[in-house]
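Coordinates in review
Here's the letter readout for the chains.
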Amino acid sequence: MATRHDTAAAPVKEGGAAPGRPPADSEAARKKRARLSRRWQRDMRWSPYAFVSPFFLLFVAFGLFPLIYTGWASLHQVELTAPTDMNWVGLRNYTRIFDDDFFWNAAKNTLTIGIISTVPQLLMAMGLAHILNYKLRGSTFYRVVMLAPYATSIAAASLVFVLLFGRDYGMINWVLNAVGFDHVDWQNDKWPSQIAVSSIIIWRWTGYNALIYLAAMQAIPQDLYESAALDGASRWRQFLHVTLPSLRPTILFTVVVSTIGASQVFGEPLLFDANKGASGGSQHQFQTLGLYLYEQGWVNQHLGRASAIAWTMFLILIVIGVVNYVISRRLRASS
């Protein structure tokens, strides 16, 4: 007959703990919890700074340091052939710029090209966004097509437009000749060349702004349109009295961004007439401030003067930003 052996747990002394286990509230456990708590607090406090630190490191290396160094170089006479040899000249580079007719010519060209490219661009973007805001078949395809010019290389786009605006064999002149107009010298005449350069900018950025307007339109509550329709408003009146007032912040944003982009136009005029390079045509007829800066710094090798031009452009952008801030505050106050 099998004998049954019962095993009982070892008796635990009163006030003691099980053998082999430290007390739950021992000094070592408390120290470990305190250490983990401090580590967790440090992690919560410093981890966000560690995550964003790469951006600030890159900004200091490629943004802040070049800005400060350019400002310092603008106060010296320094050449590209000897960038370490600096002679202090104070504000002479700035006074020479403002007395330079080529600078004012570049500033005027930048202004006119900016107006010719920005106004039609934003109007066309608004119209395209209004059309895409309706329920259309293949709307995703149309949106991708709108963004395709923005993703196209500036060099490729400029090469195509140079062929289109060719004087002797360009398609634009062929169409003009077919309807009874004379050939236009798009590269050597002032206004035709600026219109041609502006057309490249319009083609590249219209779809980008159209998608921004489309996103803003889709955020407008449908109740506003339904109320306007019940009041008998047509689609045109709904666009004027519902869509446009709701898009005022977005329109201001696109105007400011397009203005900043227009003040920095460089690739399109540089590649439009590759034979003239940074001069912007045979008579500097489409030379922008970006091209003038490049010509002074890397063609004429005057780094000090080019740095002064860069800082002048930077101050212009600050003025544009201040104007944007004032207008946006007034718009928020009025709304």
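Being a predicted model, the structure only gives us computed values, none of them experimental. (Residues numbered from 1 in each chain as written. Predicted model: local features only at pLDDT ≥ 70, side-chain atom pairs only at ≥ 80, totals over all residues. Heavy atoms only, no water.)

Here we come to the environment of Ala-196. If you trace the backbone, Ala-196 turns up in helix 7 (residues 190–218). Look at Ala-196 and you get buried, because its relative accessible area is 0%. Placed 150 residues apart in sequence, Ala-196 and Trp-46 show a C-alpha to C-alpha distance of 53 Å. The residues contacting Ala-196, other than those within four sequence positions of it, are Phe-165, Trp-186 and Phe-272. (Helix = DSSP H or I, 4+ residues; strand = E, 2+ residues; numbered from the N terminus. Buried < 20%, exposed > 50% of the residue type's maximum accessible area, 1.4 Å probe, protein only. Contact = heavy atoms within 4.5 Å.)

Taken as a whole and assessed by the stated rule, the structure comprises 21 aromatic pairs. By way of ring pairs, the aromatic residues Phe-98, Phe-103, Trp-104 and Tyr-292 are connected into one cluster. (Phe/Tyr/Trp six-rings, centres within 6.5 Å; stacked < 30°, edge-to-face > 60°.)

With that settled, consider the nonpolar core. Where a protein is soluble and globular, its nonpolar side chains tend to be buried together. Formed by 17 residues in total, the largest nonpolar core has its most connected members in Met-126, Ala-129, Tyr-213, Met-217, Ile-220, Val-242 and Leu-247. For this core, the secondary-structure elements that each account for two or more residues are helix 3 (101–132), helix 7, helix 8 (222–230) and helix 9 (235–246). Excluding anything up to four places from it in sequence, Met-126 contacts Tyr-213, Met-217, Phe-239, Leu-244, Leu-247 and Ile-251. (Core = buried A, V, L, I, M, F, W, Y, C linked by side-chain atoms within 4.5 Å.)

The subject of this paragraph is the pairing of strand 1 (residues 76–79). Residues His-76 and Val-78 point to one face of strand 1 and are all buried, whereas Gln-77 and Glu-79, pointing to the other face, are not buried. With three bridges joining them, strand 1 and strand 2 (residues 82–88) adopt antiparallel strand pairing. Bridge pairing in strand 2 links Glu-79 to Ala-82. Where strand 1 hands over to strand 2, the hairpin turn is made up of two residues, counted between the paired strands. (Pairing = 2+ DSSP bridges.)

This part covers the packing of helix 3 against helix 10 (residues 248–263). Running from N to C, helix 3 and helix 10 point in directions that differ by 145°, and their axes come no closer than 9 Å. Relative to helix 10, helix 3 is oriented so that their crossing is right-handed. Residues Thr-110, Gly-114, Thr-118, Gln-121, Leu-122 and Met-126 of helix 3 pack against Ile-251, Thr-254, Val-255, Ser-258, Ala-262 and Ser-263 of helix 10. (Axes fitted to C-alpha atoms, helices over the stretch in contact; angles between N-to-C directions. Left-handed = near helix turned anticlockwise from the far one by under 90°.)

Let us now look at unusual backbone geometry. Phi angles above zero are rare outside glycine, and His-284 is one such case at about 55°. In this structure, His-284 sits in the loop between helix 11 (267–272) and helix 12 (289–299). Judged by its relative accessible area of 17%, His-284 falls in the buried class. Positioned with a positive phi, Gln-301 is a non-glycine residue whose angle comes to about 65°. Looking at the element boundaries, Gln-301 is found in the loop between helix 12 and helix 13 (303–334). Classification of Gln-301 as partly exposed rests on a relative accessible area of 30%.

Treat this as a map of the structure, not an account of what it does.
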